[in-house]
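Each chain, letter by letter, is given below.
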Amino acid sequence: MGFRSNIQRRVDSDMAAQTAAMHLAENTKVSSVAKWHESQEQKGVNNYKKIQKEIASEYEAAAREIALRRRRMLQELYEREQKMYNEELSAMGLCISKELD
């Protein structure tokens, strides 16, 4: 009977080792998949941050461009109005005197 029980213990031991090896392989596989998903998520977060920075940069550039355009349009308006006033004064025989420094 001792011989049979030794064989049974060996079979049980081998089955336990095989089960442990299968669990280890499965856990390794799950761990690898989890790490891959985490890396993809991190790339997504970094990509999102990069896109947000680009959008903010574009907004700033657009704001500067709008300010430049407004300034230029206002300058052109002042020049047109000044020309119009000078023409009206000229039609009445008047002019604006300018002092030189």
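Structural data are supplied above this passage.
Residues numbered from 1 in each chain as written. Predicted model: local features only at pLDDT ≥ 70, side-chain atom pairs only at ≥ 80, totals over all residues. Heavy atoms only, no water.

## Overview of the overall build of the protein
In terms of helices and strands, the protein carries 1 helix and 0 strands. Here the C-alpha radius of gyration of the protein, 42 Å, is well above what a compact globule of 101 residues would show, namely 13 Å. Overall, the protein is about 135 × 25 × 10 Å in size when its C-alpha atoms are taken along their principal axes. Accessible area of the protein: about 9,900 Å², with a carbon and sulfur share of 58%. (Helix = DSSP H or I, 4+ residues; strand = E, 2+ residues; numbered from the N terminus. Rg over C-alpha atoms; globule rule 2.2 N^0.38 Å. Areas by Shrake-Rupley, 256 points an atom, 1.4 Å probe, with all protein chains shown as cover.)

## Things to note about a nonpolar patch on the surface
Taken together, the side chains of Ile 7, Val 11 and Met 15 present a nonpolar region at the surface, about 250 Å² in accessible area. Among the secondary structure elements, Val 11 is positioned in helix H1 (residues 2-91). (Patch = residues over 30% accessible without salt bridge, like charges linked within 9 Å, V, L, I, M, F, W, Y side chains within 5 Å. Salt bridge = Lys/Arg side-chain N within 4 Å of Asp/Glu carboxyl O.)

## Some details on the environment of Asp 12
Tracing the sequence through the fold places Asp 12 in helix H1. C-alpha separation for the pair Asp 12 and Leu 74, spaced 62 residues apart in sequence, amounts to 92 Å.

## Some details on the pattern of salt bridges
Evaluation of the coordinates by the stated rule reveals 2 salt bridges. Residue Arg 10 pairs with Asp 14 through a salt bridge whose shortest N-O separation is 3.2 Å. Note that Arg 10 and Asp 14 are positioned in helix H1 at a spacing of 4 residues, about one turn of the helix. On the accessibility criterion, Arg 10 (55% relative accessible area) is exposed. The exposure class assigned to Asp 14 is partly exposed, which follows from its relative accessible area of 38%. (Buried < 20%, exposed > 50% of the residue type's maximum accessible area, 1.4 Å probe, protein only.)

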